Amino acid sequence: MSNQEMIDKGQKYVMNTYGRFPLALVKGRGVYAWDADGKQYIDFCGGIAVDILGHCHEELVKELHRQAQTLWHVSNLYWIQPQIDLAEKLVKISGLDKAFFCNSGAEANEAAFKLARKYHYRHGHPERNEIICFKESFHGRTLAAVAATGQKKYQEGFSPLPAGFVFAEFNNLDSVYDLVTENTAAILVEPIQGESGIHPCEKKFLQGLRKLCDDQGLLLIFDEVQCGMGRTGRFFAFQSFGVKPDVVTMAKGLGGGFPIGAMLAGDQAVKGFEPGDHASTFGGNPLGAAVACKVVELVSESSFLENVDNMGVKLMNGLVKMREPRIVDIRGRGLMLAAEFNCECKQLIALCMQKGLLLVGAGPNAVRFVPPLNIDENEVNRALDLFQDALQDWK
């Protein structure tokens, strides 16, 4: 089936909820992917920060095959060994105490919302049910996650939204203090905002949030769905800032492309949940947990994270050296970077695709670079060359 044939069939049968490119990808290996017509692309989108070991990584394929021949699924009414092993790995790396597993980042954030409210309820303060979020944030597509997202475009047409979310200015500590009341339960923040254009938190800002939560008895929740799993050159982004949260949510890269999400919490926060308070049918199932164990094992190696640092610097420097006058900023950490333009860049992304480079936007004016974390110098150079070629043709 050709690209066009697949597109025509998809338009007939698949619900129209994505602004899709006219491209059908059918095969991948490492940082490369191929479309239905056999054209090769270098993939610096990576499933939007998901394929952190590239496509069809040999060890992940082997682990999935092994587990598929052992046990596919059982209920969380029983103990599941790969889930226990994964929880142990994440707890030891994070310094937090317990893990809850689900299927996606939105679900991980939903779990965090419920945990924050139930935590205060169990401590005799049911009125503490409000979460301070931030403008331009993104936390997922479920109704509560949309309500926690500080971008009106994601909320339009879904009213009434769940109550209990208020919005402060990103990197503005005073605006957070102004919103704290007797009803405040938690503060939810992305250490690096992703969908709005790759905006890192300032270290002093996160330190100020930590102190505020400690002083007021609030839970500090970090959404690391996109910026976690080695993306910044540390396993967790919060380790780059030296600020430890009470709760951290993660997904995307956790399974290296296999769907799985997680919420980790410290010893005080976990007391909010008791049996029956929350659940997920497929959360931490044997297949997802087994693959994620292998991903965590590989990504947590110091040499792997060192490569993220090195390739991130090389990619950043390469973008800076282009001296493109329409670029107004290049920012990010590790291999989570963005080039912001003084105009919309959708056409530029389409030109890159035509030349064989897959990228994704982060807001209308920014191009996002979130490639696999195991890329090498030659692959970075190839992507930079293609991006430069596209810039030259972009009118």
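Calculation criteria
Residues numbered from 1 in each chain as written. Predicted model: local features only at pLDDT ≥ 70, side-chain atom pairs only at ≥ 80, totals over all residues. Heavy atoms only, no water. Helix = DSSP H or I, 4+ residues; strand = E, 2+ residues; numbered from the N terminus. Rg over C-alpha atoms; globule rule 2.2 N^0.38 Å. Buried < 20%, exposed > 50% of the residue type's maximum accessible area, 1.4 Å probe, protein only. Salt bridge = Lys/Arg side-chain N within 4 Å of Asp/Glu carboxyl O. Pairing = 2+ DSSP bridges. Contact = heavy atoms within 4.5 Å. Polar contact = N/O pair within 3.5 Å; in protein donor to acceptor, adjacent residues only side chain to side chain. Phe/Tyr/Trp six-rings, centres within 6.5 Å; stacked < 30°, edge-to-face > 60°.

Chemist: I'd love a proper account of the overall build of the chain, names of residues and values included.
Modeler: Secondary structure assignment for the chain yields 14 helices and 17 strands. In summary, the chain has a C-alpha radius of gyration of 21 Å against a globular reference of 21 Å for 395 residues, a match within 12%. Along the first, second and third principal axes, the C-alpha atoms of the chain reach 60 × 50 × 45 Å. Within the span of the chain, comprising 395 residues, buried residues form 53% of the whole.

Chemist: Run through the pattern of salt bridges, naming residues and quoting values.
Modeler: On inspection of all chains with the given rule, the structure shows 18 salt bridges. Glu-169 is the partner of Lys-135 in a salt bridge, and the nearest nitrogen-oxygen pair spans 2.8 Å. One end of the pair, Lys-135, is in the loop between strand 5 (130-134) and helix 6 (143-147); the other, Glu-169, is in the loop between strand 6 (165-168) and helix 8 (173-177), and 34 residues separate them in sequence. Using a relative accessible area of 35% as the deciding quantity, one classes Glu-169 as partly exposed. In this structure, the salt-bridge partner of Asp-329 is Arg-331, at a minimum N-O distance of 2.9 Å. You can call Arg-331 buried: its relative accessible area is 10%.

Chemist: A description of the sheet that holds strand 2 (residues 32-35) should follow, citing residues and the corresponding values.
Modeler: Taken in spatial order, the 4 strands line up as 1-2-3-15 in an open sheet, and their pairing is mixed. This sheet does not close on itself; its edge strands, each paired only once, are strand 1 (25-29) and strand 15 (357-358). Note that strand 1 and strand 2 share 4 bridges and pair antiparallel. Bridge assignment links Arg-29 to a residue of strand 2, and that residue is Tyr-32.

Chemist: Account for the sheet that holds strand 14 (residues 336-341), naming residues and giving values.
Modeler: Read from one edge to the other, the open sheet built from 4 strands follows the order 13-14-17-16, with strand pairing classed as antiparallel. Of all the strands in the sheet, the pair left with one neighbour each is strand 13 (327-333) and strand 16 (360-361). Where strand 16 lies against strand 17 (residues 366-369), 2 bridges are found, and the strand directions are antiparallel. Bridge pairing in strand 17 places Gly-361 opposite Val-367.

Chemist: Could you give an account of the environment of Arg-210, with specific residues and numbers?
Modeler: Tracing the backbone through its elements, the reader meets Arg-210 in helix 9 (residues 203-216). Note: C-alpha distance between Arg-210 and Gly-19 (191 residues apart in sequence) is 38 Å. Once residues within four sequence positions are removed from consideration, Arg-210 is found in contact with Leu-218, Leu-220, Val-243, Lys-244, Pro-245 and Asp-246. At 2.9 Å, the side chain of Arg-210 forms a polar contact with the side chain of Asp-214. A distance of 2.8 Å separates the side chain of Arg-210 from the backbone oxygen of Lys-244, its partner in a polar contact.

Chemist: I'd like a rundown of the packing of aromatic side chains, residues and numbers included.
Modeler: By the definition in use, this model includes 10 aromatic pairs. With a centroid separation of 5.2 Å and an interplanar angle of 20°, the aromatic rings of Phe-236 and Phe-238 are classed as stacked. Pair check on accessibility: Phe-236 and Phe-238 agree, each one buried. Ring plane angle 85° and centroid distance 5.2 Å describe the contact between Phe-341 and Trp-394, whose orientation is recorded as edge-to-face. In this pair, Phe-341 sits in strand 14 while Trp-394 sits in the segment after helix 14 (377-393), placing the two residues 53 residues apart along the sequence.

Chemist: Would you mind going over the side chain of Asn-3 in detail, with residue names and values included?
Modeler: With respect to the helices, strands and loops of the structure, Asn-3 is situated in helix 1 (residues 3-13). Residue classification places Asn-3 among the buried positions, given a relative accessible area of 8%. There is a polar contact of 2.7 Å between the side chain of Asn-3 and the backbone nitrogen of Ala-24. Polar contacts involving the side chain of Asn-3 include one to the side chain of Asp-35, which spans 3.0 Å. If we ignore the near neighbours within four places in the chain, the residues touching Asn-3 are Leu-23, Ala-24, Asp-35, Ala-36 and Asp-37.

Chemist: Hey, could you go over unusual backbone geometry for me, with residue numbers and the actual values?
Modeler: Residues apart from glycine generally show negative phi values, whereas peptide bonds are mostly found in trans. Following Ser-159, the chain continues into Pro-160 via a peptide bond in cis, with omega recorded as 0°. Notably, Lys-252 is not glycine yet its phi reads approximately 35°, a positive angle. The exposure class of Lys-252 is partly exposed, given its relative accessible area of 24%.

Chemist: Help me get a handle on the environment of Pro-286, residues and values and all.
Modeler: Counting through the fold element by element, Pro-286 comes out in helix 11 (residues 286-299). Separated by 20 residues in the primary sequence, Pro-286 and Gly-266 have C-alpha atoms spaced 24 Å apart.

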